[in-house]
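Structure at a glance
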Amino acid sequence: MTRFSIFGLAANALRGHKRWSSTWRDATPKDGYDIIIIGGGGHGLATAYYLARVHGLTRVAVIEKGWIGGGNVGRNTTIIRSNYLLPGNEPFYEWSMKLWEGLEQDLNYNAMVSQRGVLNLYHSDAQRDAFARRGNAMRLHGVDADLLDQNGVRKLAPFLNFDQARFPVQGGLYQARGGTARHDAVAWGYARGASDHGVDIIQNCEVTAFLRDAAGAVTGVETTRGTIRAGKVGMAVAGNSSRVAAMADLRLPIESHVLQAFVSEALKPVIPGVITFGAGHFYISQSDKGGLVFGGDIDGYNSYAQRGNLPVVEDVCEGGMALMPMIGRARLLRSWGGLMDMSMDGSPFIDRTSVPGLYFNGGWCYGGFKATPASGWCFAHLLATDESHPVASDYRLDRFHAGLLIDEKGQGAQPNLH
Ligand SMILES: Cc1cc2nc3c(=O)[nH]c(=O)nc-3n(C[C@H](O)[C@H](O)[C@H](O)COP(=O)(O)OP(=O)(O)OC[C@H]3O[C@@H](n4cnc5c(N)ncnc54)[C@H](O)[C@@H]3O)c2cc1C
């Protein structure tokens, strides 16, 4: 693997950028591996990378039905943060944030991690109290959090509609270490790192069935490029979780919904970091190219199509107009949809399944991008050691049987609200 450096960049610039080598090996499937990861999204690739780098396991393949970066890892709105409330979540997401902070050096790859701050606005006294509680919980876990009053928010984002009649902006909870990362570069960086450690990245190869032995244990997969045997199989297929699990006769506590994202024409820098509306579902940041990147709610019906419908477009734009009316002057450049694996309590799973040899990573809802490094780290730990990693030990598949929901938003078992 070519190591990137300022000298290499300069030398390649002088040669017209014609001598760069491929970022990763496009492997052809072998007969068998110790571990197969289904899904070449951020989570699958990070898992393979940490299996090789941390645990020294290199007879590993990532099997992707499309191309690397074609799923949600390349479709999200790039927000990273660790502003969680519950003990089951906060240490996990903070571990992810710490991994983000060293990721580019670790991978020797520019993922454009930018800690430009995440500001969650509040619009009522009750919401302020809830944010104060969240901020205190974060600080108790050693995570940065600042509760801002209206003046504090005005300094960061003077363009907001502070005095609007229905939802006046009273203040916000601010995490300065939160921000954004370039989503597809994260996939490419992990693919490159995993491949460099000997992992096979196999694209255009769809898993169509599981191989099972007489006792029912999974021993490999059938794919569109042939049969591949494996000691263990890990699923990291995000919005396709229910469909892939059904091939092993598993029914998951997950529903798939579409989430849409929007990008405006490029503007001069105006949005300082990430801003979320507290009285509706709308969030916004600005890319380094200048486009306003924004989104809101999931589409209300179940779907496996990677495109959404117009009522949500209208709803998202209404949220934007309520918060910052000047957004109405910007022209929309493009929009797209991705498939969310919405779990019943809004929290994810990193666990063994009831089928021996089959492991599950999923249920990331619309917040799994920020989790990518820790998810890969913890899934690799589980696959390598058969033990849950301490920061992910609550992400169990059986938590609904025991009533141990991790209900971050306090909204009950309603995926459409999480
Ligand atoms: C519009 C939008 C905005 C979002 N914004 C944010 C955000 O700002 N911050 C945040 O933290 N999260 C965000 N998310 C959520 C985040 O993108 C996902 O939770 C996360 O990317 C899911 O993990 P992944 O990257 O591994 O998924 P994916 O990239 O979807 O990877 C799963 C892969 O599995 C493959 N696959 C499926 N079935 C098979 C099969 N049978 N055989 C082989 N391969 C298969 C798919 O092709 C896919 O490439 C957003 C999502 C969307 C759509």
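Below, the structure is looked at part by part. (Residues numbered from 1 in each chain as written. Predicted model: local features only at pLDDT ≥ 70, side-chain atom pairs only at ≥ 80, totals over all residues. Heavy atoms only, no water.)

**Brief notes about a nonpolar patch on the surface**
Formally: A residue counts toward a patch only above 30% relative accessible area and without a salt bridge, and it is joined to like-charged neighbours within 9 Å or, for Val, Leu, Ile, Met, Phe, Trp and Tyr, to nonpolar neighbours within 5 Å. Per-residue and other accessible areas follow the Shrake-Rupley method at a 1.4 Å probe size, with only the shown protein chains counted as cover for residues. We define a salt bridge as a side-chain nitrogen of Lys or Arg found within 4 Å of a carboxyl oxygen belonging to Asp or Glu. Going along the chain from the N terminus, every DSSP run of H or I of four or more residues is numbered as a helix, and every run of E of two or more is numbered as a strand.
Side chains of Phe4, Ile6, Phe7, Leu9 and Trp20 sit close together on the surface and give an oily, nonpolar patch of about 540 Å² of accessible area. Here isoleucine 6 lies in helix H1 (residues 6-14).

**Section: the nonpolar core**
Basically, it comes down to this: As used in this record, nonpolar core signifies buried Ala, Val, Leu, Ile, Met, Phe, Trp, Tyr and Cys residues forming a set joined through side-chain atoms within 4.5 Å. Accessible area is worked out with a 1.4 Å probe on protein chains only. A residue is then buried under 20% of its type maximum, exposed over 50%, and partly exposed in between.
Counting residues in each nonpolar core, the largest one holds 54 residues, and the members touching the most others are Tyr50, Phe92, Tyr190 and Ile350. Those elements that place two or more of their residues in this core are strand S1 (32-38), helix H2 (42-53), strand S2 (60-63), helix H3 (90-107), helix H6 (183-196) and helix H9 (372-385). Ranked by size, the runner-up nonpolar core spans 28 residues in total, among them Ala248, Leu252, Ile254 and Val355.

**Brief notes about the site of the ligand**
We apply this condition: Any residue with a heavy atom positioned within 4 Å of a molecule or strand is treated as near that molecule or strand. Within 3.5 Å is the distance limit for a polar contact, defined as a pair of N or O atoms, with the added protein rule that one can donate a hydrogen and the other accept it, and that residues adjacent in sequence qualify only through two side-chain atoms.
The environment of the ligand is made up of 37 residues, and the closest members are Glu64, Asn72, Val73, Thr77 and Lys370. Here an oxygen atom of the ligand sits 3.4 Å away from a polar atom, N or O, in the side chain of asparagine 76. One nitrogen or oxygen atom from the main chain of phenylalanine 369 is found 3.0 Å from an oxygen atom belonging to the ligand. Elements that contribute at least two residues to the shell around the ligand include exactly H2, strand S12 (254-266) and strand S16 (332-343). A per-element tally of the shell around the ligand places S12 first, with three residues.

**Some words on the sheet that holds strand S4 (residues 118-122)**
Convention followed: Note on pairing: two strands pair once DSSP finds at least 2 bridges between them. A fitted line through C-alpha atoms serves as each axis, taken over the contacting stretch for helices, and the angle formed by two N-to-C directions is quoted from 0 to 180°. Contacts are residue-level and defined by heavy atoms, with any inter-residue pair within 4.5 Å sufficient.
Strand order across the open sheet formed by eight strands is S5-S6-S4-S13-S14-S15-S12-S16, with mixed pairing between neighbours. Because the sheet does not close on itself, it has two edges, and the strands there are strand S5 (146-149) and S16. The sheet shows a mean angle of 25 degrees between the axes of neighbouring strands, direction not considered. Pairing of strand S13 (residues 274-276) with strand S14 (residues 282-286), which is carried by two bridges, proceeds in the antiparallel orientation. By the bridge assignment for S14, threonine 276 is matched with tyrosine 283. Across the face of the sheet, helix H4 (residues 125-140) comes into contact with S4, S5 and strand S6 (171-175) while running at roughly 150 degrees to S4. Contacts from helix H8 (residues 310-323) reach S4, S12, S13, S14 and strand S15 (291-302) within the one sheet, and its direction differs from that of S15 by about 135 degrees.

**A short note on the side chain of serine 241**
Examined against the element boundaries, serine 241 turns out to sit in helix H7 (residues 241-246). By relative accessible area, which is 1% here, serine 241 ends up buried. A distance of 2.6 Å separates the side chain of serine 241 from the backbone oxygen of alanine 238, its partner in a polar contact. Residues in contact with serine 241, not counting those within four places in the same chain, are Met235, Leu252, Ile254, Asp341, Phe360 and Gly362.

**Things to note about the layout of surface pockets**
Put simply, the test is: Points on a 1 Å grid over protein atoms alone make up a cavity when a 1.4 Å probe fits among them but cannot get out, and a pocket when they form an open set with protein on both sides within 12 Å along at least five of seven lines; lining residues each have an atom within 4 Å of a point. Grid points are joined across faces, edges and corners, and a volume is the space filled by probe spheres set on the points. Residues are sorted three ways: Asp, Glu, Lys and Arg are charged, Ala, Val, Leu, Ile, Met, Phe, Trp, Tyr, Cys and Pro are nonpolar, and all the rest, Gly among them, are polar.
Looking at the second largest pocket, its volume works out to about 560 Å³. Taken together, 25 residues line the second largest pocket, and the ones lying closest to its centre are His183, Ser287, Lys289, Val293 and Arg334. Contributions of two or more residues to the lining of the second largest pocket are made by H6, S12, S14, S15 and S16. Counting residues per element, the lining of the second largest pocket draws most heavily on S12, which supplies four residues. Of the residues contributing to the lining of the second largest pocket, the split by class is seven nonpolar, eleven polar and seven charged.

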